[in-house]
Amino acid sequence: MTEKMINLTIDGEALQVPAGTTILKAAERLGINIPRLCYHPSLSVEGACRVCVVQVKGQTAYQASCSAQVWEGMDVQTNSPEIRQARRDIVELLLDNHPMDCQTCDRDGNCELQRQAYRLGVRERHFEGRRKQYATDEASRSVIRTPEKCILCGRCVRVCAEVQGVFNLSQQGRGFNTVVGPANLGPMDESACIQCGQCIAVCPTAAFLEKDHTERVWAALNHKGGKHLVVHTAPAIRATIGEEFGLPIGTPVAGKLVTALRRLGFDQVFDTNFGADLTIIEEATEFLKRMGGEGPLPLLTSCSPGWVNFVEKFYPEMIPYTSSCKSPMQMMSSLIKTYYAEKKGLDPKDIFTVAIMPCVAKKYEGGREEHAMTDGTPYTDAVLTTRELAWMIKSYGIDFTHLPDGEFDRPLGVSSGAADIFGATGGVMEAALRTAAVKLTGEELGPLNFEEVRGVTGLKEATIRIEDQEITVAVANGLTNAKQVLEFIKSGEKTYHLVEIMACPGGCIMGGGQPYPPMDYEVLDPEIAKLRARALYDIDGHKQLRRSHENPAILKLYTEYLGEPNGEKAHDLLHTHYEARNPRGIR
C-alpha cells in the first residue's frame, strides 16, 4: 500500500512528509531544531511544557509542535518574533518557579532548562511571587528526589511507566501545588521504586539525582587512617567514561581509567570483569545442573540489581527461577574482603572497597543486609556512578585524555572478552553460552559469537543448537519487555531454558549512572547504545581469552580457595537469596 504523503510549508520552504508526521519531526527534515523540554523520542507525547509552540496559518492558538500532526497545505512559522517571545515567556515562568542555585546544582552546565534559557535569550527573571517549596527526599539509598527543581515535564513518569513498567511516579495535586512523586509522596525506598535511575537519565533538570557517594570516597582517600583502598570498575565503564572528557561515544579507555584511579590514590585497581567471569562459571554450572533436572527452568539471570528489585516486588513467584548468583560487583567485593585479604594478610575491616558502576541500583545493592559479612561489615563500602567518578577525576585536576594506559592489578584484574560484553544487552547470555557450549560438547572449539542475542532490540528470542541439544533463550532489556517474558513463562505460552534480563534499556551501557548524552543526542538514543556496545564487542574480539572458563586467574582461585563451582564455599561466598517485598504503593 502506498504511503499517503502530505504537502506543507515550514518557514517558507515546501516539503512533503508521510501522513501522521508531527510538525516537530517535519521541521527537523529541513534542519530546523525546535526547542523542547517535555518531548522525548523514546516516550509517549505529553505536550506539557509548550516550549515547542509554533504558529500555524489560520489557527488562533499556538500549536505544540511535538504533538500536532501535519495536514495538507499547512503553513507553519517556527521562528516569528511572536513565537520566540512566547517561548521565552514560558521558560521565564519555569525559571521564576525554580531554585536560583545553578552554580551549585549537580546539573550545572548539563541542564536542559538552562540550555533552553540560554538559547532563547533569557537573561533576567521578570516574574516575582510565591515559589513552590518542597523538602528533598534524601532517605533513599540510590535515588534522590528534589521536587523543587521539577518542571512537570512528565518524562520521569513516562519512562517509569512505559519503559520500566513500574508506574511508581505520578503527578499529584493540582495547579500550583502539582508535584511528582511516588504514591502518597512517601519515601522512595518504601515505594515501588526499583532504583534503576532511568528517571535520573531522562530528567531535564536535577529533580532526580543519584545518592552521592563521592564525599565518603574523598574522606577515605584523604584520610586513609590505615585503610587499604581498593577499587574495581564494571565492564561498561571503559566504553562510556571517555564521553565525560569529550571523547567520541564508544571510545574504549580502560587503560586511562586505571591510571586515573591510581592517581586518585587507590592502593589497588581491580577489574569487575574478573567477577563477571566468575559469575559465568557459577551461573553456567547452575544452568547445566538445572538442565539436568536440579531445579526449575528457565534460569533467570541475576546480574542486574534493578531487575532483582523488580522481581522481588512485582513477581515474587518467579524468585525460584532466578539464579542465586551474586552480581559481578558483589562477587568481586566479597573476594576482596576474603580471598584477597587473606593473601595480603589484611583484616577485612581495614579494607575500603569502592565499586565504579554504570548503575544507580548498585548503591542500593551494596547496602543490602545479605551483602555484608557476618559481623555486619559491608563487602562494598561505596559505589560511584560513571558520572560521579568523572567529576572526581576533573576535580582532582587529572587530564584524562592525555593519560598513559595502565594495567589492572593482579590477580583480580585478569579477565576474558566474555566479561567485557557483560555491559551490553545480550552479553551475559552470550558469555554464558560460550562456556555452556564447551561444557555440553566437551570440546574447547565450541562457538564464540552468538549473533542471535546481540543488538539493542528490547526483546530477542532464539533457539541455539549445540551438538544435539536445542537451547531456547530470551534476552530482555527494559522491564516492560521483561514483564512480557515473565508472563509468557507464567502462562506456559512459551518455554525457555535461559533468560537474560537487564533493567535498563540497552543494558548497563545505558544505565542510570552513565554520562548524560551530548547536545546532538537524546537520552535513551539507540544509536548511543549501539556505539557503546560496539566498543565492548571490539575489546572482546581483540582478546586472546574469549571464554570465562579459560581465565587462568579464575582457575587458580578455584584451586587455591573456592574448590569446585557451586560447591559449599563458592555457594557461601558467591551466592545470595531473594525475598518478596511489598512496598507502599503495591497491592
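Residues numbered from 1 in each chain as written. Predicted model: local features only at pLDDT ≥ 70, side-chain atom pairs only at ≥ 80, totals over all residues. Heavy atoms only, no water.

Another point: the overall build of the chain. For the chain, the count of helices and strands is 18 helices and 17 strands. A globule of 587 residues ought to have a C-alpha radius of gyration of about 25 Å, and the chain, at 25 Å, matches this closely. In terms of principal-axis extent, the alpha carbons of the chain reach across some 80 × 65 × 50 Å. Counting all 587 residues of the chain, 60% fall into the buried class. Total accessible area computed for the chain in this model is approximately 23700 Å², and 48% of it derives from carbon and sulfur atoms. (Helix = DSSP H or I, 4+ residues; strand = E, 2+ residues; numbered from the N terminus. Rg over C-alpha atoms; globule rule 2.2 N^0.38 Å. Buried < 20%, exposed > 50% of the residue type's maximum accessible area, 1.4 Å probe, protein only. Areas by Shrake-Rupley, 256 points an atom, 1.4 Å probe, with all protein chains shown as cover.)

Looking now at the sheet that holds strand β2 (residues 13–18). The five strands lie next to each other as β2-β1-β5-β3-β4, forming an open sheet whose pairing is mixed. At either margin of the open sheet sits one strand with a lone partner, and together these are β2 and β4 (63–64). (Pairing = 2+ DSSP bridges.)

Quick look at the sheet that holds strand β14 (residues 382–385) now. Spatially, β11-β10-β13-β14 is the arrangement adopted by the four strands of the open sheet, whose pairing is parallel. Looking at which strands have only one partner, the edges of the open sheet turn out to be β11 (268–271) and β14. Across the sheet, the mean angle separating the axes of adjacent strands is 25 degrees when strand polarity is ignored. Note: strand β13 (residues 351–357) against β14, four bridges, orientation parallel. Bridging from a neighbouring strand, Val354 pairs with Ala382 of β14. Sitting on the sheet, helix α8 (residues 272–291) touches β10 (228–233), β11 and β13, and the angle it makes with β11 is about 35 degrees. Sheet strands touched by helix α12 (residues 386–395): β13 and β14. Its angle to β14, the strand with the most contacts, is close to 85 degrees. (Axes fitted to C-alpha atoms, helices over the stretch in contact; angles between N-to-C directions. Contact = heavy atoms within 4.5 Å.)

Turning next to unusual backbone geometry. In this model, Leu297 is joined to Pro298 through a cis peptide bond whose omega is 5 degrees. Turning to its location among the elements, Pro298 is positioned in the loop between α8 and β12 (299–300). In this model, Arg410 is joined to Pro411 through a cis peptide bond whose omega is 5 degrees. Inspection of the secondary structure assignment puts Pro411 in the loop between α12 and α13 (417–420). Positive phi, close to 50 degrees, is recorded for Asp11, a residue that is not glycine. Along the chain, Asp11 turns up in the loop between β1 (5–10) and β2. Among the residues examined, Asp11 registers a relative accessible area of 28% and is labelled partly exposed. Despite not being glycine, Gln195 shows a phi value in the positive range, around 70 degrees. With respect to the secondary-structure elements, Gln195 resides in the loop between β8 (179–181) and α5 (198–202).

On to the pairing of strand β3 (residues 53–56). The pairing of β3 with β4 spans two bridges and is antiparallel. Each residue of the ladder has a partner; that of Val54, found in β4, is Gln63. Turn length for the β3-β4 hairpin, with the two strands adjacent in sequence and antiparallel, is six residues, and the turn residue Gly58 shows positive phi of about 90 degrees. Pairing between β3 and strand β5 (residues 75–77): two bridges, direction antiparallel. Its bridge partner being in β5, Gln55 is matched across the sheet by Gln77.

Turning our eyes to something else, we now look at α8. In this model, α8 (20 residues) spans 28 Å end to end at C-alpha, consistent with the 28 Å of a helix rising 1.5 Å per residue. Looking one or two residues beyond α8, the residue adopting positive phi is Gly293, at roughly 105 degrees. (Expected span 1.5 Å × (residues − 1).)

As a further point, take the side chain of Glu388. By secondary structure assignment, the location of Glu388 is in helix α12. What makes Glu388 buried here is its relative accessible area of 6%. Residues contacting Glu388, with those up to four places away along its chain left out, are Glu210, Lys211, Asp212, His213, Thr214, Lys363 and Val383.

Under the definition given, this model contains eight aromatic pairs. With a centroid separation of 6.2 Å and 75 degrees between ring planes, the pair formed by Trp218 and Trp391 is classed as edge-to-face. You can see Trp218 sitting in helix α6 (residues 214–222) and its partner Trp391 sitting in helix α12, a full 173 residues away along the chain. On the basis of relative accessibility, which here comes to 42%, the residue Trp391 falls in the partly exposed class. Note on Phe270 and Tyr340: the rings are 5.1 Å apart at their centroids and 80 degrees apart in plane angle, and the pair reads as edge-to-face. You can see Phe270 sitting in strand β11 and its partner Tyr340 sitting in helix α10 (residues 328–344), a full 70 residues away along the chain. With relative accessibility at 3%, the residue Tyr340 sits in the buried group. Cluster of aromatic residues (ring-pair linked, three or more members): Trp307, Phe310, Phe314 and Tyr315. (Phe/Tyr/Trp six-rings, centres within 6.5 Å; stacked < 30°, edge-to-face > 60°.)

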